[in-house]
Amino acid sequence: MDSENQNNPGNLNDSDNSFKPIMSPMTAALFGLAAVFILYQFGGAILTLVIFGFDFEKADVNSIRLLTIGGQILLILLPTLLLTKFIYPDVTAILRVRFPKRKEIGIFSLGLILITPLLQSYAYIQNFFLVKLAASSPVVKSVKDFIDQLDKMVESAYGSLLVSNSIFESSFIIFVVAVIPAICEETFFRGYILKSFEYKFKPVWAALITAIFFGIYHFNPYGLLPLIALGFFFGFAAYKSNSIFLPMFLHFLNNFLAVTAFLILDDPDLISSSATIDNDIVSQVIIFAILLIIFLGYIQFVRKRFYKNESQNITINPGI
């Protein structure tokens, strides 16, 4: 078996009937994306109206948090498990149910530490140029004003979930916005969707396409490209480790650090995607970009060395 197949044992082939789905993996991916989008966005909206009516802003915040948990589990995780079981014979392989090695967790956690400030710096630079363009173009200003309205709605809805008055409530908030999304969203995107796309595209393209849908699903206009980049990193980790638990951990770690920082510092800019630029941003982007390139090169070097050592350890018994 070559290194590519070792790292991605779910490749379809005529001699392996255990991985033959009941429909095209591409169709399965697109159907899953459409189904979960409709269920979560429209079904979730209807469920919210049924429970809270049109007085949503006056609803109890803990009830909203419970609804968020229920929506993620019932409208993302459950459909994902049902689709995977119905379409693919081997659920374990499709969802990459394999525990990662401690070294993999450590290496990719370091990568997340490098990519997070880089993406935050990019968001600042993006906003800076949008402000400049809006000042000189009425068309751009109209688009920006519309995006600002959407962004304020997202921040308002998200910010209300993060208000805490006790350690217990803070723990519950972390569970709502870090633990649950990490499990549900990663099972769907880096499990079912990414694996389905891998049967049609090369891994890098499968990870990128999955990341684009991941970014779009979050309805965060200013954070779209950073979310896509983060989703691509999660997909990169899932493919390299062949484990769904690694991107789950990284997703949790990313949300946990952001929420914890917000709860401790109580700084609205920490959850804002339209913060202003400062003089050190460009230098920070350059430094973290260089470090990230070094990190990715190191990952590739370790992978090649691992498979080289694995191939050297293989012995052939002439008696077999």
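Computed from a predicted structure; not experimentally measured. (Residues numbered from 1 in each chain as written. Predicted model: local features only at pLDDT ≥ 70, side-chain atom pairs only at ≥ 80, totals over all residues. Heavy atoms only, no water.)

### Re the overall build of the protein
Point 1. Looking only at helices and strands, the protein features 11 helices and zero strands.
Point 2. Along its sequence from the N terminus, the protein presents helices and strands in the succession α-α-α-α-α-α-α-α-α-α-α.
Point 3. Across the 320 residues of the protein, 40% fall into the buried class.
Point 4. Counting contacts in the protein only where the partners sit at least 6 residues apart, residues at least 24 apart contribute 79% of the total. (Helix = DSSP H or I, 4+ residues; strand = E, 2+ residues; numbered from the N terminus. Buried < 20%, exposed > 50% of the residue type's maximum accessible area, 1.4 Å probe, protein only. Contact = heavy atoms within 4.5 Å.)

### Comments concerning the confidence of the model for the protein
Point 1. This prediction gives the protein a mean pLDDT of 80; 76% of its residues lie at or above 70.
Point 2. Element-level mean pLDDT values for the protein span from 43 in helix α1 (residues 3-7) up to 96 in helix α7 (residues 167-198).
Point 3. Note that residues 1-10 has pLDDT below 50 and, in this model, 22 contacts with residues that lie over four places away or in other chains.
Point 4. Below pLDDT 50 for its whole length, residues 307-320 participates in three contacts with residues either more than four positions away or in separate chains. (pLDDT = per-residue confidence, 0-100.)

### Description of the pattern of salt bridges
Point 1. The full count for this structure, using the stated rule, is six salt bridges.
Point 2. One salt bridge connects Arg 96 with Glu 198, and the closest N-O pair in it is separated by 2.2 Å. Within this pair, whereas Arg 96 is found in the loop between α4 (91-94) and α5 (102-136), its partner Glu 198 is found in helix α7, the two being separated by 102 residues in sequence.
Point 3. The buried category is assigned to Arg 96, whose relative accessible area is 2%.
Point 4. Here Glu 198 ties to Lys 195 by a salt bridge, and the two come within 4.0 Å at their closest N and O atoms. Placement of the pair is Glu 198 and Lys 195 together in helix α7, with a separation of three residues, close to one helical turn.
Point 5. Accessibility expressed as a relative area gives 7% for Glu 198, which makes it buried.
Point 6. What you see here is one network of salt bridges that share partners, running through Arg 96, Lys 195 and Glu 198. (Salt bridge = Lys/Arg side-chain N within 4 Å of Asp/Glu carboxyl O.)

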